[in-house]
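Examination of the molecular architecture
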Amino acid sequence: VSAQQIEEMEFRNQRITDILLVLAEMAGTSIVPDETVEGSASYYFSDTDFQTALELFLTTYKYYFWKENNIYYVSKIKAEYNEERNLLNVDADEVDITLLVRSVSKQMGKTILYDSLPRTKLTVHIKEAAPEEVLEIIIRRFPDYQLESEDSFFYIKRQEQQVQTAGQQKPVDQDAIWREGDNYFIKAGKSRFFELITTLFRLENKEYALLRSE
């Protein structure tokens, strides 16, 4: 199949999956794109052999391919796992985090459980890293997620955010209010206004009355 010649042809703003289908039909082989293959492309193919044409086209649009049992598989993710050394190579360009995690799980043959992940696309190029390190890199930008590791699976867990209500703000820190000369400075986040005022007047040894209008 690799010696099969591809005729000169041009595509303008055509779906990438459709272009791959035409290449497969001309070469008499099968090309299987995964769910990361999307969008449209414009491309000119010169007279060349099939594998060269396929590789140049996919490289232009940052896709990868591999061949198994005379079938070509195409993806935006290239993940390789060395079981003996327990190391991963992962390359991906602008790929949804969930799809990236699924690909790593499939390559390792190990379950990765995860809570709802951010709808964000990542670009990663990781060489010879342990699975735990790969997953830590993937979720590094999101501090509300943490990785838990067990013998038979990984779990990407989202931490519950504690929402503070009006009656649950954190108390004023002792260093939140300080005096320099005749001026006072306040630096406090999510603190109760009543506590700030009380602390301020206490430092000045004064009393105050809070007037509220109905």
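Scoring rules and cut-offs
Residues numbered from 1 in each chain as written. Predicted model: local features only at pLDDT ≥ 70, side-chain atom pairs only at ≥ 80, totals over all residues. Heavy atoms only, no water. Phe/Tyr/Trp six-rings, centres within 6.5 Å; stacked < 30°, edge-to-face > 60°. Buried < 20%, exposed > 50% of the residue type's maximum accessible area, 1.4 Å probe, protein only. Lys NZ or Arg CZ within 6 Å of the ring centre and 35° of its normal. Salt bridge = Lys/Arg side-chain N within 4 Å of Asp/Glu carboxyl O. Helix = DSSP H or I, 4+ residues; strand = E, 2+ residues; numbered from the N terminus. Axes fitted to C-alpha atoms, helices over the stretch in contact; angles between N-to-C directions. Parallel < 35°, antiparallel > 145°, perpendicular 65-115°, else oblique. Contact = heavy atoms within 4.5 Å. Nonpolar A, V, L, I, M, F, W, Y, C, P; charged D, E, K, R; others polar. Pairing = 2+ DSSP bridges. Polar contact = N/O pair within 3.5 Å; in protein donor to acceptor, adjacent residues only side chain to side chain.

As enumerated under the stated definition, the model contains eight aromatic pairs in all. Note on Phe57 and Tyr61: the rings are 5.6 Å apart at their centroids and 55 degrees apart in plane angle, and the pair reads as tilted. On the basis of relative accessible area, Tyr61 is assigned to the partly exposed category, the value being 26%. Counting every residue linked through ring pairs, the aromatic cluster contains Phe11, Tyr43, Phe45, Phe57 and Tyr61. Across the ring face of Tyr63, the terminal group of Lys76 is positioned such that the distance to the ring centre comes to 5.5 Å. When the ring centre of Phe154 is taken as reference, the NZ or CZ atom of Lys110 above it lies at 4.2 Å.

This part takes up the pattern of salt bridges. Applying the stated criterion across every chain, the model contains eight salt bridges. In this structure, Asp18 engages Arg15 in a salt bridge whose closest nitrogen and oxygen atoms are separated by 3.9 Å. The closest approach of N and O atoms between Asp91 and Lys127, which form a salt bridge, is 2.9 Å. One end of the pair, Asp91, is in strand S9 (residues 87-96); the other, Lys127, is in strand S11 (residues 121-129), and 36 residues separate them in sequence.

Let us look at the packing of helix H1 (residues 16-27) against helix H2 (residues 50-60). Remark: H1 packs on H2, axes separated minimally by 11 Å, with the N-to-C direction vectors making an angle of 170 degrees. With respect to their mutual orientation, H1 and H2 come out roughly antiparallel. Counted together, Ile16, Ile19, Leu20, Leu23 and Ala27 of H1 and Phe50, Leu54, Phe57 and Leu58 of H2 form the full contact between these two elements. The residue makeup of the contact of H1 with H2, split by class, is nine nonpolar, no polar and no charged.

This brings us to the side chain of Thr48. In this fold, Thr48 is placed in strand S5 (residues 48-49). The exposure class assigned to Thr48 is buried, which follows from its relative accessible area of 16%. Apart from the residues within four sequence positions on either side, Thr48 is in contact with Gln4, Gln5, Ile6 and Ala53.

In spatial order, the strands read S10-S13-S12; together these three strands make up an open sheet with mixed pairing. The open sheet is flanked by strand S10 (111-114) and strand S12 (145-149), the only strands paired with a single partner. Within the sheet, the average angular offset between the axes of one strand and its neighbour, ignoring direction, is 15 degrees. The pairing of S10 with strand S13 (residues 153-158) spans four bridges and is classified as parallel. Directly across from Tyr114, in S13, lies its bridge partner Ile156. Packed onto the sheet, helix H3 (residues 97-108) meets S10 and S13 and runs at close to 155 degrees relative to S10. Helix H4 (residues 131-138) rests against S10, S12 and S13 of the sheet, and its axis sits at about 165 degrees to S12.

Using a relative accessible area of 10% as the deciding quantity, one classes Asp91 as buried. Side-chain polar atoms of Asp91 contact the side chain of His125, separated by 2.7 Å. A distance of 2.9 Å separates polar atoms of two side chains, one belonging to Asp91 and the other to Lys127.

So, about unusual backbone geometry. With phi around 50 degrees, Asn69 is a residue other than glycine that occupies positive phi space. For Asn69, the location among the structural elements is in the loop between strand S6 (64-68) and strand S7 (71-75). Phi is positive for Asn70, which is not a glycine, with a value near 65 degrees. As for its placement among the helices and strands, Asn70 is situated in the loop between S6 and S7.

Across the two faces of strand S4 (residues 40-45) the burial differs, with Ala41, Tyr43 and Phe45 buried and Ser40, Ser42 and Tyr44 not buried at all. In this structure, strand S2 (residues 9-15) lies alongside S4, joined through five bridges in antiparallel fashion. Bridge pairing in S4 links Met9 to Phe45.

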